[in-house]
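# Coordinate analysis (summary)
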Amino acid sequence: MTQLKRWLVWLSRIHRCLGFGIQSPTDYSFVRYVVNEHTRYYAYDELRDEDWLTQKLGRLYFRLANWRQPSVMLCDEYQKYWQTGCRSLSFADHVDRVELARVTIEDQESWHSLLTKVDEQSVIVVEGIWRNPQRWKSICMADQVMTTFDLYYCGIVLFEKKRYQKHYIINF
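What counts, and at which threshold
Residues numbered from 1 in each chain as written. Predicted model: local features only at pLDDT ≥ 70, side-chain atom pairs only at ≥ 80, totals over all residues. Heavy atoms only, no water. Disulfide = S-S within 2.5 Å. Buried < 20%, exposed > 50% of the residue type's maximum accessible area, 1.4 Å probe, protein only. Helix = DSSP H or I, 4+ residues; strand = E, 2+ residues; numbered from the N terminus. Arc of directions from axis to C-beta. Contact = heavy atoms within 4.5 Å. Axes fitted to C-alpha atoms, helices over the stretch in contact; angles between N-to-C directions. Parallel < 35°, antiparallel > 145°, perpendicular 65-115°, else oblique. Nonpolar A, V, L, I, M, F, W, Y, C, P; charged D, E, K, R; others polar. Core = buried A, V, L, I, M, F, W, Y, C linked by side-chain atoms within 4.5 Å. Salt bridge = Lys/Arg side-chain N within 4 Å of Asp/Glu carboxyl O. Pairing = 2+ DSSP bridges.

Another point: the state of the cysteines. Disulfides are covalent bonds that link the sulfur atoms of two cysteine residues. Within the structure shown, the criterion is met by zero disulfides. Distance from the sulfur of Cys154, which forms no disulfide, to the nearest cysteine sulfur (Cys140) is 12 Å.

As structure tokens, then:
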């Protein structure tokens, strides 16, 4: 992705910075203090990557693991970021219950497999949602999905049943 394209995406979402327009206090604090947290965390110096997008997403995954504190996750290419955010986290090839997981937008099989293992505390990150907007919309409309956050580069899906179904577009 070119520098110009990155800036155009950012400018098109500028009115959605820092949780502006979000009425739910829970969703607002999640966007403000997890998704768009700009304070330098203790581990950012050791979490450097050559690719800007890998580093940007990795730091988000670090903050998600720090916020959610999962005990087990599926093996993942971002393991160092997840592990730094939650030191007690272990990785497995199979899980019975999803606490925190990451899939790509193209991997429909993994999405459907994870969907059978979610509960109200589960969080799934769908990476690359800009590559297939129709697929992302179908994920947002799934019956089990309650809250989604469209960050352009990835989407975050929450499953709390006591909430109304809501979809946010966030400038990330």
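Resuming the write-up.
Turning our eyes to something else, we now look at helix α6 (residues 133–140). Looking at α6, one finds that the buried residues are Arg135, Trp136, Ile139 and Cys140. One face of α6 carries all of its buried residues, which in axial projection span an arc of 140°. Away from the buried face of α6 by more than 90 degrees, exposed residues Gln134 and Lys137 are located. For α6, the secondary structure elements touched by its buried residues are α5 (108–115), β4 (123–127), β5 (147–150), β6 (154–158) and β7 (166–169).

A separate point is the packing of helix α2 (residues 25–35) against helix α3 (residues 52–68). Between α2 and α3, whose axes approach to 10 Å, the crossing angle comes to 125°. As the angle between them shows, α2 and α3 are arranged oblique. Of the residues in α3, those in contact with Phe30, Val34 and Val35 of α2 are Leu60, Arg63, Leu64 and Trp67. Considered class by class, the residues forming the contact of α2 with α3 number six nonpolar, no polar and one charged.

The subject of this paragraph is the nonpolar core. Counting residues in each nonpolar core, the largest one holds 34 residues, and the members touching the most others are Leu60, Tyr61, Leu64, Trp82, Phe149, Leu151 and Ile156. Mapped onto this core, the elements with two or more residues apiece are α2, α3, α4 (79–85), β4 and β6. When residues in this core are grouped by element, the largest group, seven residues, is from α3. Membership of the second largest hydrophobic core comes to 18 residues, among which are Leu114, Val118, Ala142 and Phe159.

Here we take up the pattern of salt bridges. This structure, assessed with the given rule, holds eight salt bridges. Here Glu77 and Arg102 are joined by a salt bridge, their closest N and O atoms 3.6 Å apart. Here the residue Glu77 occupies a position in the loop between β1 (72–74) and α4, and Arg102 occupies one in strand β3 (residues 100–104), the gap between them amounting to 25 residues. On the accessibility criterion, Glu77 (65% relative accessible area) is exposed. Salt bridges sharing common partners tie together Asp76, Glu77, Arg102 and Glu127.

Once that is clear, we can look at the sheet that holds β4. Spatially, five strands are ordered β3-β4-β6-β5-β7 in an open sheet, and the strand pairing comes out mixed. The two strands at the open ends of the sheet, each matched to only one other strand, are β3 and β7. Neighbour-to-neighbour, the strand axes of this sheet turn through a mean angle of 15°, independent of strand direction. Here four bridges tie β5 to β6, and the two strands are oriented antiparallel to one another. The residue of β6 that forms the bridge with Thr147 is Leu158. Across the sheet, α2 is in contact with β5, β6 and β7; its angle to β5 comes to roughly 40°. Against the sheet, α5 touches β3, β4 and β6, its axis set at about 155° to β3.

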